[in-house]
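Observations on the three-dimensional arrangement
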Amino acid sequence: MREEQRTSVSAWALAVILLGACATWAAVGDQLPEAPILGDISLRYVAPIVCDWNHDGQDDLVLCTRSGDIAILETASGIMDLAIRRAYYLVSVSSDGDGPRTRISASSSLTSPSIDVVDWTGDGALDVVAFDSNLALWVHPGVPERMDQLGSPIPVQFTDGTQVAFPRCVEWGANAAVRVLDWDDDGVQDLLVAVDECYLLRGSASFPEYERPADWNQASFCSTGNPARENLELFGLSGYGVIPWGVDWNRDGRLDVLIGYAANLPDRTLGRVLLAVNDGSNRRPRFDQADLPDDDLFLRTGSGQAVGCGTGATVAVWDVDRDGQWDALVGGSGPLALYLGNGTRTVQAVWVLDTVQAGG
């Protein structure tokens, strides 16, 4: 288990379990969703997440689609062979099971809205954390009794009572990304958020509220060349559709960042995955390489081919084959692909799929 997967939060006296830990509560049985997905499921324009959604001991695939729908693909034996046992969309808790679907910010550009999955409320059910089309951050709580339903969304707030949100002048909100993790090892969950640039919002003693940076305001974000905005950035990589994932990729005890983004700016023609190695510490991270979107920073296969996906890339990290090394699931406008990692920038392709077949 990675260090940031489980963290005790004394303020709530509960364990907020990060994606990758998934809850240990007893499964609610083998109840069938009211509206299963049958036939071919497109794996293009999706942002993937891996977790044991239904708590049966097998890794499942959570896909956020370009339209903002959230699909659950329950696997029979994990992600390596991706045999889908059943699939369904998440729907509102107030529906009859077949609609309306729970829909977050829809994307009309590069990839898909990028979500995270955690047990935010501490009830054992996994919840979805996501930005909406207005760049405001919400938690969509899971329903313990029903694997296919989500409850009414809960706003994520700063300590001053305002909702965590990007100023409206920020573009490309449909591709806003969020990751929940304890970045600085203080026992409180932090937020790694991104719209073109990556920012770190630190959790407060009154978690689940977050400290509002002094420069997190309309003027800092919306004034061209304002140095205050640069003070907010986690590191100096600015790119279209940046999707970050914080993880100790090389197992040196410091959190690094894998970044899916659109290379070849300003043409935005290629999606790539970049590894920014933390040369500092978790409390004071330093990414000296990350301000150079250089080819040397891309993940590549053994043949030298850069890892990417169409015109934009999303990335999710998981130890799929249980070998103690992190692996990368890469989505975007192209097919979904699984790569096995070894702690370096060289990865091994396992499969690349346009569609997957869902059973009944």
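This is a predicted model, so every value here is computed, not measured.

Relative to the assigned elements, Asp127 resides in strand E10 (residues 127-131). With relative accessibility at 0%, the residue Asp127 sits in the buried group. Within the structure, Asp127 has its side chain in polar contact with the backbone nitrogen of Thr121 (distance 3.1 Å). Residues in contact with Asp127, not counting those within four places in the same chain, are Asp116, Val117, Val118, Asp119, Trp120, Thr121, Val139, His140, Pro141 and Gly142.

Among the structural elements, Asn342 can be located in the loop between strand E24 (336-340) and strand E25 (346-353). On the accessibility criterion, Asn342 (43% relative accessible area) is partly exposed. Polar contacts involving the side chain of Asn342 include one to the side chain of Thr344, which spans 2.6 Å.

Take the pattern of salt bridges next. In a structure, side chains of opposite charge can pair up when their charged atoms sit close to one another. Scanning the model with the defined rule gives 9 salt bridges in all. Of the charged contacts in the structure, one is a salt bridge between Arg44 and Asp354, with a shortest N-O distance of 2.5 Å. Taken together, the residues Arg44 in the loop between strand E3 (39-42) and strand E4 (46-51) and Asp354 in the loop between E25 and strand E26 (355-358) connect sequence positions 310 residues apart. In this structure Arg44 comes out as partly exposed when scored by relative accessible area, which is 37%. Classification of Asp354 as partly exposed rests on a relative accessible area of 37%. In this structure, Asp56 and Arg85 form a salt bridge, with 4.0 Å as the shortest nitrogen-oxygen distance. Taken as a pair, Asp56 in the loop between E4 and strand E5 (60-65) and Arg85 in strand E7 (residues 84-89) lie far apart in primary sequence, 29 residues in all. For Arg85, a relative accessible area of 29% gives the class partly exposed.

Reading the values: rules and limits
- Residues numbered from 1 in each chain as written.
- Predicted model: local features only at pLDDT ≥ 70, side-chain atom pairs only at ≥ 80, totals over all residues.
- Heavy atoms only, no water.
- Helix = DSSP H or I, 4+ residues; strand = E, 2+ residues; numbered from the N terminus.
- Buried < 20%, exposed > 50% of the residue type's maximum accessible area, 1.4 Å probe, protein only.
- Polar contact = N/O pair within 3.5 Å; in protein donor to acceptor, adjacent residues only side chain to side chain.
- Contact = heavy atoms within 4.5 Å.
- Salt bridge = Lys/Arg side-chain N within 4 Å of Asp/Glu carboxyl O.

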